[in-house]
Amino acid sequence: MLAVAVGGVSACTPRPDGPAPLAERFFADLGRGDTGAAAQLSDRPSEAHADLNEAWTGLQATKLDATVLGSRFTQDTGSVNYRFTWQLPKNRSWTYDGVLNLIRDEGGWRIRWAASALHPKLGEHQTFSLRADPPRRATVNEAGGTEVLVPGNTFRYQLDAKKAGPALMATARVVADVLRRFDDTLNPQILAERASSSARPLDLITLRPGHRDQVAAALDALPGVVVTPQAAMLPTDDRFAPALVSEVKKAVLDELDGEAGWRVVSVNQNGADVDVLTEVAPKPAPSINLTLDRRVQDAAQHAVDAQGNKAMIVAMRPSTGEILAVAQNAAADADGIAATTGLYPPGSTFKIVTAGAAIQHDMVEPDSMVPCPGQIEIGHRTIPNYDRFDLGTVPMSRAFADSCNTTFAELASRMPPTALNVAAAQFGIGEDYVIDGLTTVTGTVPATVDLTERTEDGFGQGKVLVTPFGMTLAAATVAAGETPMPHLIAGRTTVETGDHPPADPVALEGLRSMMRLVVQDGTATDIRDSGEVYGKTGEAEFAGGSHAWFAGYRGDMAFAALIVGGGSSAYAVRMVRRMLSELPPDFLA
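These notes cover the structure that comes with them.

## Overview of the overall build of the protein chain
Then step 1. What the protein chain contains, in helices and strands, is 19 helices and 25 strands.
Then step 2. Taken against the 2.2 N^0.38 rule, which gives 25 Å for 589 residues, the C-alpha radius of gyration of the protein chain at 37 Å runs more than 25% over that of a compact globule.
Then step 3. The principal-axis extent of the C-alpha atoms belonging to the protein chain is close to 125 × 65 × 45 Å.
Then step 4. When the 589 residues of the protein chain are sorted by exposure, 51% land in the buried category.
Then step 5. Taking contacts inside the protein chain between residues at least 6 apart in sequence as the whole, the part at least 24 apart equals 68%.
Then step 6. Accessible area of the protein chain: about 25,500 Å², with a carbon and sulfur share of 49%.
Then step 7. Side-chain charges in the protein chain split into 51 positive and 70 negative, and the spacing between the mean points of these groups amounts to 6 Å.

## Examining the state of the cysteines
Then step 1. Applying the stated criterion across every chain, the model contains 1 disulfide.
Then step 2. Between the sulfur atoms of Cys372 and its disulfide mate Cys404 the distance is 2.1 Å. One disulfide, between Cys372 and Cys404, carries an S-S torsion of -90° and so falls in the left-handed class. Taken together, the residues span a long stretch of sequence, with Cys372 in strand E15 (residues 369-372) and Cys404 in the loop between helix H13 (396-401) and helix H14 (405-413) at a distance of 32 residues. Across this residue pair, the class does not change: Cys372 and Cys404 are buried.

## Comments concerning the pairing of strand E11 (residues 273-280)
Then step 1. Two elements, strand E10 (residues 261-267) and E11, share 6 bridges in a ladder whose sense is antiparallel. Bridging from a neighbouring strand, Val264 pairs with Thr278 of E11.
Then step 2. Turn length for the E10-E11 hairpin, with the two strands adjacent in sequence and antiparallel, is 5 residues, and the turn residue Gly271 shows positive phi of about 85°.

## Topic: the sheet that holds strand E4 (residues 108-111)
Then step 1. In spatial order, the strands read E1-E2-E3-E4; together these 4 strands make up an open sheet with antiparallel pairing. At either margin of the open sheet sits one strand with a lone partner, and together these are strand E1 (63-73) and E4. Along the sheet, successive strands turn relative to each other by an average axial angle of 30°, direction set aside.
Then step 2. Across 4 bridges, strand E3 (residues 92-105) lies against E4 in antiparallel orientation. Looking across to E4, one finds that Leu102 is bridged to Ile111.
Then step 3. On top of the sheet, helix H3 (residues 45-59) reaches E1, strand E2 (77-88) and E3; it is set at about 30° to E2, its chief contact.

## A short note on the packing of aromatic side chains
Here a ring pair, both rings aromatic, is described through the centre-centre distance and the interplanar angle of the planes.
Then step 1. Evaluated as defined, the whole model comprises 15 aromatic pairs.
Then step 2. Residues Phe26 and Trp113 carry aromatic rings whose centres are separated by 6.3 Å and whose planes lie at 55° to one another, so their mutual orientation is tilted. Of this pair, Phe26 sits in helix H1 (residues 20-31) while Trp113 sits in the loop between E4 and strand E5 (127-133); the two residues are 87 residues apart in sequence, bridging distant segments of the chain.
Then step 3. Summarising the aromatic geometry, the rings of Trp56 and Trp86 are spaced 5.1 Å apart at their centres and angled 80° between planes, so their arrangement reads as edge-to-face. Pair noted here: Trp56 is in helix H3 and Trp86 is in strand E2, with a separation of 30 residues, a long-range link. Taken individually, Trp56 and Trp86 each receive the classification buried, so the pair is uniform in this respect.
Then step 4. In textbook terms, an aromatic cluster arises when at least three aromatic residues are bridged by ring pairs, as seen for Phe26, Phe27, Trp56, Tyr82, Phe84, Trp86, Trp94, Tyr96, Trp113 and Phe128.
Then step 5. If you follow Arg212 out to its NZ or CZ, it ends over the ring of Phe155, 4.4 Å from the centre.

## Things to note about the sheet that holds strand E25 (residues 557-563)
Then step 1. A sheet is described by the order of its strands in space; here 5 strands give the open sequence E14-E13-E25-E24-E23, paired in antiparallel fashion. Looking at which strands have only one partner, the edges of the open sheet turn out to be strand E14 (323-328) and strand E23 (533-542). Strand after strand, the sheet turns through a mean of 10° between neighbouring axes, direction not considered.
Then step 2. Sheet analysis places strand E24 (residues 545-554) next to E25, joined by 7 bridges and oriented antiparallel. The residue bridging Arg554 from the neighbouring strand is Met557, located in E25.

## Focus: the nonpolar core
Then step 1. One finds Leu511, Phe550, Met557 and Met579 to be the most contacted residues of the largest nonpolar core, which totals 113 residues.
Then step 2. Core analysis: the second largest hydrophobic core is formed by 38 residues, Leu41, Tyr96, Trp113 and Ala115 among them.

## Things to note about the pattern of salt bridges
Then step 1. One pass over the full model with this rule turns up 28 salt bridges.
Then step 2. Here Arg156 and Asp203 are joined by a salt bridge, their closest N and O atoms 2.9 Å apart. Taken together, the residues span a long stretch of sequence, with Arg156 in strand E7 (residues 147-159) and Asp203 in strand E8 (residues 202-207) at a distance of 47 residues.
Then step 3. Classification of Arg156 by relative accessible area gives partly exposed; the value is 28%.
Then step 4. Note that Asp177 is salt-bridged to Arg180, the shortest N-O span being 3.6 Å.
Then step 5. Several salt bridges converge on common partners, so that one network encompasses Glu255, Asp436 and Arg492.

## Remarks on unusual backbone geometry
Then step 1. Of note, the phi angle at Asn91 is positive, near 60°, even though the residue is not glycine.
Then step 2. Looking at where Asn91 falls in the secondary structure, it is placed in the loop between E2 and E3.
Then step 3. The exposure class assigned to Asn91 is exposed, which follows from its relative accessible area of 83%.
Then step 4. Despite not being glycine, Glu106 has its phi angle at roughly 55°, a positive value.
Then step 5. Within the secondary structure, Glu106 is located in the loop between E3 and E4.

## Re helix H19 (residues 569-581)
Then step 1. Along its 13 residues, H19 runs 18 Å from first to last C-alpha, staying within 8% of the 18 Å computed at 1.5 Å per residue.
Then step 2. In this fold, the buried residues of H19 make contact with helix H9 (294-305), strand E13 (311-316), E23, E24 and E25.

## Digging into the packing of helix H5 (residues 168-179) against helix H7 (residues 209-219)
Then step 1. At a minimum axis distance of 10 Å, the contact between H5 and H7 shows a crossing angle of 160°. Between H5 and H7, the angle is such that the two are roughly antiparallel. Regarding H5 and H7, the two cross each other, and that crossing is right-handed. Residues Val174, Val175, Val178 and Leu179 of H5 form the contact with H7, whose participating residues are Val215, Ala218 and Leu219.
Then step 2. Here the residues of the contact of H5 with H7 sort into 7 nonpolar, no polar and no charged.

Quick notes on the rules
- Residues numbered from 1 in each chain as written.
- Predicted model: local features only at pLDDT ≥ 70, side-chain atom pairs only at ≥ 80, totals over all residues.
- Heavy atoms only, no water.
- Helix = DSSP H or I, 4+ residues; strand = E, 2+ residues; numbered from the N terminus.
- Rg over C-alpha atoms; globule rule 2.2 N^0.38 Å.
- Buried < 20%, exposed > 50% of the residue type's maximum accessible area, 1.4 Å probe, protein only.
- Contact = heavy atoms within 4.5 Å.
- Areas by Shrake-Rupley, 256 points an atom, 1.4 Å probe, with all protein chains shown as cover.
- Lys, Arg positive; Asp, Glu negative; His and termini not counted.
- Charge placed at Lys NZ, Arg CZ, Asp CG, Glu CD.
- Disulfide = S-S within 2.5 Å.
- Pairing = 2+ DSSP bridges.
- Axes fitted to C-alpha atoms, helices over the stretch in contact; angles between N-to-C directions.
- Phe/Tyr/Trp six-rings, centres within 6.5 Å; stacked < 30°, edge-to-face > 60°.
- Lys NZ or Arg CZ within 6 Å of the ring centre and 35° of its normal.
- Core = buried A, V, L, I, M, F, W, Y, C linked by side-chain atoms within 4.5 Å.
- Salt bridge = Lys/Arg side-chain N within 4 Å of Asp/Glu carboxyl O.
- Expected span 1.5 Å × (residues − 1).
- Parallel < 35°, antiparallel > 145°, perpendicular 65-115°, else oblique.
- Left-handed = near helix turned anticlockwise from the far one by under 90°.
- Nonpolar A, V, L, I, M, F, W, Y, C, P; charged D, E, K, R; others polar.

Right under this line is the structure:
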């Protein structure tokens, strides 16, 4: 019996010869939880005692308050109208009115016991049962409203040696054979031995519905195999940003359950529901909305999937910072979310930063004439152009469009030690963004007094490292005129740390014209039929090969693409072209 608070009883002063005084004693005993004393006031104490105990237990009640609303009687029969308020778990309460029937017995009153004394709709051999009604878990949707994560079940497979009995070894052989497609280390003998020595069923594997369907016919009926459904949030499409969606799930899991509803039902002696006596509907949590756009994500995914090397694309809306896509192929998935955390030398895409710093320091303008020799000696380093091409003296915009390493090495060599570091921060590179649902790194651009290092940093080699996410921020900064605050989950605030000076408007305007020339008549002409694209190519060398980069924007969509070890930047340009070809020409124009 639960320890409960004494329930309150109130009424007008009853006539001393009426049934109300006895009813008040009954309610007082019941409110104290003294069901034995309350039952003794009835004409069937044993049945009343059992019914009262079952009521308290079935409701999981912590308190009962009773109020006498009125009474009436004739010579030998009477009734008392009451109001019960049961206090239930989790701050729930249930209030209803009922009638207690009484009879006069040898001059005194007794309760004429029936289950309906506890509730007007309670029949003989019936009692209460409190039921929770959990709401359907909320879904996680992409920007277009389609579902990305939905509630469902995974299936936990175990091997119970006791239930298997003499068939344990035979079951273990089938289990190992059927599950080998998911775990090729399973050994029947070891499974049987471990299951035999375990005090509880041995865990085998947890499968999602599609995988469970592949093995259910072969495994579920085997002696000793135990299958337990477990509530889970499941992706609607395994190919839709799987690494990112996994992180999102961890970030939002505690916000999907909503508020459970509850019911009190009457049940018969067999435990079957008879009637719903009261009901409070569940309150589902609102859906979680992501900024990911399925159209962009799918187009980017198809583009990276066409690559054999590790490949990734990040896309973002410059005007808002909404992350539209984080796509990487299976080879890149092995490194986690490499698109937002993998650090790589950026090669000539970093010339966006170097050119911005040079314009800001009044060293050049897009129309300034600058030298672009085939190679140049700075300090102890010989810097060549690709295949040592030599343009002579050309406008800065042409040196940018044709990606003259020598031009940008020379500019960087004349900059202050912190110039590239500060300029990179103006484009969001080197900043730290804490984004709900997504782990990100932008890059690192160390300030240096070493002339050789600074020279190499100027054309994206040296010690400069960036992520595709960081280069997307840089392109978005050029497009929007300021670095947008990136975010992934609608309504969540991104926290930025680091010294983030504003970008120079004059430098950004100069970069726009130069990035457009890259596409119109430079190193990215392969994409010039894909609309008004602005960009910068890059081929970043490393021991044994080079990475292929392309970063830029079209309309209100900035992007950065990387093929690890992909060689020529032309391959990254074509990868972006393939992405854009799946989108309308005026998409986010």
